[in-house]
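Okay, here's what each chain looks like letter by letter:
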Amino acid sequence: MNLSNPRLLLIEDEPSQVELLRYNLTKQGFDVRVAMDGEEGVDAAREDPPDLILLDWMLPNLSGIEVCRQLRRDKATREVPIIMLTARSEERDKVRGLDVGADDYVTKPYSVKELIARVRAALRRPAARVADSKLASGKIEIDLEKHRVTVGAKDVTLSPTEFRLLITLMQSPGRVFSRDQLLDMVWGITADVDTRTVDVHVGRLRRVLDGAGGKGLIRTIRGFGYALSTD
């Protein structure tokens, strides 16, 4: 990643939104490319993966949901942070967007200042660091240099947010993290992301681990938060 000029791919079909976002993001030092429909966006992301994707939900040719789904399945783009932009404000729509692999969700109309703050937060590396390049807890192993996660001997694929979430939990096995603590440590912002976002991403992470033979590794502490099992 170019820390001075992060490369963003904006997949948006409304010309007014494109110009507004391109102008403001470029002014803040971002290198912005634009794709005007879903198919073009998938092709652009695969050919030259950006540091982050801003993805509109309602797109011609291929919906934002399907774009996100395809990019999460592709090795070249599965680790690229994705922020969805949409006029859909109902909770079930937000959950659906997060559930296909989006890292964040911004509802139109939105503050450009807030969106830029979310972009910067999504581009941050996990705040926690370890001296060793590997983490291990029970059946789970993480190679931080290779960005590789295994459960037992089985490789698993995680989105960038799920990867940061797992690192956070694994650095303190058995510790109970509140939803607010996870928002702060994993997303880097507290006020602008609600706790439902944490629940959705923990749910996705749990399903991946369960499917790889790690059933029960993430514990839910009702009314508070989550912990990585030490059993």
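The shown structure was predicted, so the numbers you read here are calculated from the model rather than taken from an experiment. (Residues numbered from 1 in each chain as written. Predicted model: local features only at pLDDT ≥ 70, side-chain atom pairs only at ≥ 80, totals over all residues. Heavy atoms only, no water.)

1. So, unusual backbone geometry
For step 1, the next point in the chain: Cis geometry marks the peptide bond from lysine 108 to proline 109; its omega dihedral reads -5 degrees.
For step 2, the next point in the chain: Here the phi dihedral of asparagine 61 falls at roughly 75 degrees; this positive angle occurs in a residue that is not glycine.
For step 3, the next point in the chain: Along the polypeptide, asparagine 61 turns up in the loop between strand 3 (52–56) and helix 3 (64–73).
For step 4, the next point in the chain: Classification of asparagine 61 by relative accessible area gives exposed; the value is 55%.
For step 5, the next point in the chain: Phi is positive for histidine 147, which is not a glycine, with a value near 55 degrees.
For step 6, the next point in the chain: Looking at the element boundaries, histidine 147 is found in the loop between strand 7 (140–143) and strand 8 (148–151). (Helix = DSSP H or I, 4+ residues; strand = E, 2+ residues; numbered from the N terminus. Buried < 20%, exposed > 50% of the residue type's maximum accessible area, 1.4 Å probe, protein only.)

2. Here's the deal with helix 2 (residues 38–47)
In an α-helix, one turn spans 3.6 residues; hence positions three or four apart end up facing the same way.
For step 1, the next point in the chain: Of the residues making up helix 2, those classed as buried are Gly38, Gly41, Val42, Ala44 and Ala45. Along the axis of helix 2, the buried positions cluster into a sector of 165 degrees, meaning they face one direction only.
For step 2, the next point in the chain: At the N-terminal boundary of helix 2, the capping side chain belongs to aspartate 37, with an oxygen 3.1 Å from the backbone nitrogen of glutamate 39. (Arc of directions from axis to C-beta. Polar contact = N/O pair within 3.5 Å; in protein donor to acceptor, adjacent residues only side chain to side chain.)

3. Considering the sheet that holds strand 12 (residues 225–228)
For step 1, the next point in the chain: The strand order across the open sheet built from 3 strands is 10-12-11, with neighbouring strands paired in antiparallel fashion. Taken across any chain shown, the strands that pair with only one partner, and hence form the sheet edges, are strand 10 (177–178) and strand 11 (218–221).
For step 2, the next point in the chain: Direction of pairing for strand 10 relative to strand 12: antiparallel, over a ladder of 2 bridges. Bridge pairing links phenylalanine 177 to tyrosine 226 in strand 12.
For step 3, the next point in the chain: Sitting on the sheet, helix 8 (residues 195–211) touches strand 11 and strand 12, and the angle it makes with strand 11 is about 145 degrees. (Pairing = 2+ DSSP bridges. Contact = heavy atoms within 4.5 Å. Axes fitted to C-alpha atoms, helices over the stretch in contact; angles between N-to-C directions.)

4. Some details on the environment of isoleucine 83
For step 1, the next point in the chain: Structurally, isoleucine 83 is set in strand 4 (residues 82–86).
For step 2, the next point in the chain: Among the residues examined, isoleucine 83 registers a relative accessible area of 0% and is labelled buried.
For step 3, the next point in the chain: With 15 residues separating them along the chain, isoleucine 83 and leucine 98 place their C-alpha atoms 9.3 Å apart.

5. Comments concerning the side chain of histidine 201
For step 1, the next point in the chain: Position of histidine 201 relative to the elements: it lies in helix 8.
For step 2, the next point in the chain: For histidine 201, a relative accessible area of 0% gives the class buried.
For step 3, the next point in the chain: Residues in contact with histidine 201, not counting those within four places in the same chain, are Leu98, Ala102, Asp103, Thr161, Glu162, Leu165 and Trp187.

6. Remarks on the environment of isoleucine 221
For step 1, the next point in the chain: With respect to the element layout, isoleucine 221 can be found in strand 11.
For step 2, the next point in the chain: Residue classification places isoleucine 221 among the partly exposed positions, given a relative accessible area of 22%.
For step 3, the next point in the chain: Residues in contact with isoleucine 221, not counting those within four places in the same chain, are Val176, Tyr226 and Ala227.

7. Some remarks on the pattern of salt bridges
Side chains that differ in charge, positive against negative, can pair when their charged atoms come close.
For step 1, the next point in the chain: Applying the stated criterion across every chain, the model contains 13 salt bridges.
For step 2, the next point in the chain: Between glutamate 14 and lysine 108 there is a salt bridge whose closest N-O contact spans 3.7 Å. One end of the pair, glutamate 14, is in the loop between strand 1 (7–11) and helix 1 (15–27); the other, lysine 108, is in the loop between strand 5 (104–107) and helix 5 (112–123), and 94 residues separate them in sequence.
For step 3, the next point in the chain: Arginine 46 is paired through a salt bridge with aspartate 74; the nearest N and O atoms lie 2.9 Å apart. Taken together, the positions of arginine 46 in helix 2 and aspartate 74 in the loop between helix 3 and strand 4 put the pair 28 residues apart, joining distant regions of the chain.
For step 4, the next point in the chain: Its relative accessible area of 35% is what places arginine 46 among the partly exposed residues. (Salt bridge = Lys/Arg side-chain N within 4 Å of Asp/Glu carboxyl O.)

8. Focus: the side chain of lysine 108
For step 1, the next point in the chain: For lysine 108, a relative accessible area of 16% puts it in the buried group.
For step 2, the next point in the chain: Reaching out from lysine 108, the side chain makes a polar contact with the side chain of aspartate 56 at a distance of 3.1 Å.

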